[in-house]
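Analysis of the macromolecular model
If you want the building blocks of each chain, they are given just below.
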Amino acid sequence: MKPGDELPPLEIPITRTLVVAGAIASRDYQDVHHDAELARQKGSPDIFMNILTTNGLVGSYITDHFGPRAVLRKVAIRLGAPNYPGDTMVLTGTIEDVAEDVADDTATVRVIGTNSIGRHVTGTVTVAFPAPAARRTGARQAPVTLPAGEAG
Amino acid sequence: MVNNKQEVSDDLGNVGNLGDTSNPGDLEKRLKAFEGRPSVVAGVGKDPVNAPMIRHWCEAMGDTNPAYAGPDAIAPPTMLQVWTMGGLSGHRADIGRTEAYDELLALLDEAGCTSVVATDCEQEYVRALRPGDEVTFDAVIESVSERKTTKLGTGYFVTTRMDVRVGDDLAGTHRFRILKYAPAGRREKPPRPRPVVNRDNAGFWEGVRQHRLLIQRCTGCGTLRHPWLPGCTTCGCPDWDTIEASGEGTVYSYVVPHHPPFPAFEPPYAVALIELAEGVRMISNVVGVPYDKVRIGQSVLLEFQAYDDDLVLPVFRARGEAA
């Protein structure tokens, strides 16, 4: 794994069920995320995905790629074009930085989610791979190869 | 055009026009004063971190990561904010929330920024949350932006930063940004064109602002003239004064534009040349009758029509049948 490497893209169908289930699972009862009529009254063509669901999807895109050993350290996202039901979002990721530390190795990944309107989300995720106990106790070895990614 | 001008009183009892774009500085000063004020103090999660809510989240996201299930399960880190949400019934009024955040949102509502959309979420995860953890949280209003114009509308970005704790341990930080905005209104008509005001006609437009229709009069020969000019076309004298029009007039001529459409107007409409009782003529609109009922010789009476906050124009109301 090195800067510039790309993660396989992930297509996520934006179903009405996903938008509503994500909103309710994140305890977000804003009507624009579950009531199409009220959403339209507020000037939106339909309900749209809430930011917590996008956050969750971005996080799981990364952890699915790197496998269960990977631990999310930081997820920072910015929203753009809304995710409306019937659309498809394609998440892509590019390795931005790889760092080795005494305790952990970390990777920083730039994530972009695009739908038919434009960019739904741009973000940066920092994920850590806890180092083997031997290294933390001081027994330095040859540079550790980061996991290639079980899902990727 | 949306009229978002609202009068509100501030703490000192002063009244100001928050939505008045001619003076956004006052509002911005008041918004800035919220920076650094806490928005939540000692908030308490409605539920402890728990396996059912974790499972519901994973089902919704389609996340099958084994780290989130079983006896050693942790909560998905991206659920951080979920544990702080008020849900359908909201948080208890006596716990956590300060007045500052509500006051800030109310101030923005009053300024016409009634819509809200979340734009940014930045989370750092310091310690994993596990079922049974009781979450507490504190939040501060980190910043309020200057007035920004976005595709959605014009408004202000409000950024809050929340610390989420379990006991004394920091579990994570959560920076959240919303845009409070006045919707741009997709179907809104463009504003009517502004008059071109220069030093030769400034007095005319100042009169209109005061709802007075002023006609120039040459102080050399006494000839009335309109539109305003720097000198008399009859005698060449540069000196003038004004008389106020009585407002009586007749339609001298008119045209009805059908095509091409101009964005601020909906064709067809009548553009009339009005002959004022004083003898000069001016171009205006006839109101009070459909475009196809405007007639030459029709008796009309002056009135002033406000088209938006900044534009008042003299128009003429039809008074009856053509003479």
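Residues numbered from 1 in each chain as written. Chains lettered and ligands numbered in written order. Predicted model: local features only at pLDDT ≥ 70, side-chain atom pairs only at ≥ 80, totals over all residues. Heavy atoms only, no water.

What follows concerns the overall build of chain A. Secondary structure assignment for chain A yields four helices and five strands. For chain A, the α and β elements follow one another from N to C terminus as β-α-α-α-β-β-β-β-α. Across the 152 residues of chain A, 51% fall into the buried class. For chain A, the accessible surface area stands at approximately 6900 Å², while carbon and sulfur atoms represent 53% of it. (Helix = DSSP H or I, 4+ residues; strand = E, 2+ residues; numbered from the N terminus. Buried < 20%, exposed > 50% of the residue type's maximum accessible area, 1.4 Å probe, protein only. Areas by Shrake-Rupley, 256 points an atom, 1.4 Å probe, with all protein chains shown as cover.)

Enumeration according to the criterion identifies one cavity of 30 Å³ or more in this entry. Roughly 50 Å³ of internal volume is contained in the largest cavity. Looking at the lining of the largest cavity residue by residue, the classes come out as four nonpolar, one polar and three charged. (1 Å grid on protein atoms, 1.4 Å probe; cavity = no way out; pocket = protein on both sides within 12 Å on 5 of 7 lines; lining within 4 Å. Points joined across faces, edges and corners; volume = space filled by probe spheres on them. Nonpolar A, V, L, I, M, F, W, Y, C, P; charged D, E, K, R; others polar.)

This part is about the interface of chain B and chain A. Counting from both sides, the interface comprises 29 residues of chain B and, opposite them, 28 residues of chain A. Here chain B and chain A share one salt bridge between them. Put simply, chain B and chain A have six residue pairs in polar contact (both at pLDDT 80 or more) between them. For the side of chain B that touches chain A, the secondary-structure elements that each account for two or more residues are helix H2 (51-61), strand E4 (115-125) and strand E8 (169-183) of chain B. The greatest single-element share of the side of chain B that touches chain A, amounting to eight residues, is contributed by E4 of chain B. (Contact = heavy atoms within 4.5 Å. Salt bridge = Lys/Arg side-chain N within 4 Å of Asp/Glu carboxyl O. Polar contact = N/O pair within 3.5 Å; in protein donor to acceptor, adjacent residues only side chain to side chain.)

All right, on to the pairing of strand E2 (residues 71-79) of chain A then. With eight bridges connecting them, E2 of chain A and strand E5 (residues 119-130) of chain A associate as antiparallel partners. Residue pairing in the sheet places Ala76 of chain A in a bridge with Thr124 of chain A of E5 of chain A. Pairing of E2 of chain A with E4 of chain B involves five bridges; the strand directions are antiparallel. From the neighbouring strand, Ala76 of chain A faces E4 of chain B, where its bridge partner is Glu122 of chain B. (Pairing = 2+ DSSP bridges.)

Before going further, it helps to spend a moment on the sheet that holds strand E9 (residues 214-218) of chain B. Residue and element names in this part refer to chain B. Strands sit in the order E10-E9-E11 across an open sheet of three strands; the sheet is antiparallel. The strands lining the two open edges of the sheet, one partner per strand, are strand E10 (224-225) and strand E11 (240-244). In the sheet, E9 pairs with E11 via five bridges, with the strands oriented antiparallel. In the strand pairing of E11, Arg217 is matched with Asp241.

Attention shifts here to the environment of Pro71 of chain B. By secondary structure assignment, the location of Pro71 of chain B is in the loop between H2 and helix H3 (99-110). Considering only alpha carbons, one finds Pro71 of chain B and Arg130 of chain B, 59 residues apart in sequence, at a separation of 10.0 Å.

What follows covers the packing of helix H1 (residues 16-25) of chain A against H2 of chain B. Between H1 of chain A and H2 of chain B, the least distance of the axes is 9 Å, while the angle of their chain directions is 160°. Considering the angle they form, H1 of chain A stands roughly antiparallel to H2 of chain B. By crossing handedness, the relation of H1 of chain A to H2 of chain B is classed as left-handed. In contact with Leu18, Ala21, Gly22 and Ala25 of chain A of H1 of chain A, H2 of chain B contributes His56, Trp57, Ala60 and Met61 of chain B. (Axes fitted to C-alpha atoms, helices over the stretch in contact; angles between N-to-C directions. Parallel < 35°, antiparallel > 145°, perpendicular 65-115°, else oblique. Left-handed = near helix turned anticlockwise from the far one by under 90°.)

In this section: the layout of surface pockets. Residue and element names in this part refer to chain B. Quantified by volume, the second largest pocket comes out at close to 1000 Å³. Forming the walls of the second largest pocket are 36 residues, and the residues nearest its centre are Arg192, Phe265, Asn285, Tyr307 and Leu313. At the level of secondary structure, the elements contributing two or more residues to the lining of the second largest pocket comprise helix H4 (202-209), strand E14 (281-287), strand E15 (299-308) and strand E16 (311-318). Across the lining of the second largest pocket, the residue classes tally to 25 nonpolar, five polar and six charged.

So, on to the pattern of salt bridges. Per the counting criterion, the structure on display carries 23 salt bridges over all chains. A salt bridge links Asp104 of chain A to Arg73 of chain A; its shortest N-O distance comes to 2.7 Å. Residue Asp104 of chain A is located in strand E4 (residues 104-114), and its partner Arg73 of chain A is located in strand E2; the two are separated by 31 residues in the primary sequence. Residue Asp104 of chain A is classed as buried on the basis of its relative accessible area, which comes to 13%. Looking at Arg73 of chain A, the relative accessible area reads 30%, which means it is partly exposed. In this structure, Arg175 of chain B engages Glu122 of chain B in a salt bridge whose closest nitrogen and oxygen atoms are separated by 3.2 Å. One end of the pair, Arg175 of chain B, is in strand E8; the other, Glu122 of chain B, is in strand E4, and 53 residues separate them in sequence. Using a relative accessible area of 26% as the deciding quantity, one classes Arg175 of chain B as partly exposed. The partly exposed category is assigned to Glu122 of chain B, whose relative accessible area is 25%.

A few words now on the nonpolar core. If you look at the biggest cluster of nonpolar residues, it comprises 78 residues, and the most contacted ones within it are Ile62 of chain A together with Trp83 and Leu129 of chain B. Here this core gets seven residues from one element, more than from any other, and that element is helix H3 (residues 51-66) of chain A. Once residues lying within four places of it in the same chain are set aside, the contact partners of Ile62 of chain A are Leu7, Leu72, Val109, Val111, Val125 and Val127 of chain A. Judged by nonpolar contacts, the second largest core, of 21 residues, contains Leu214, Trp228, Ala245 and Ala318 of chain B. (Core = buried A, V, L, I, M, F, W, Y, C linked by side-chain atoms within 4.5 Å.)

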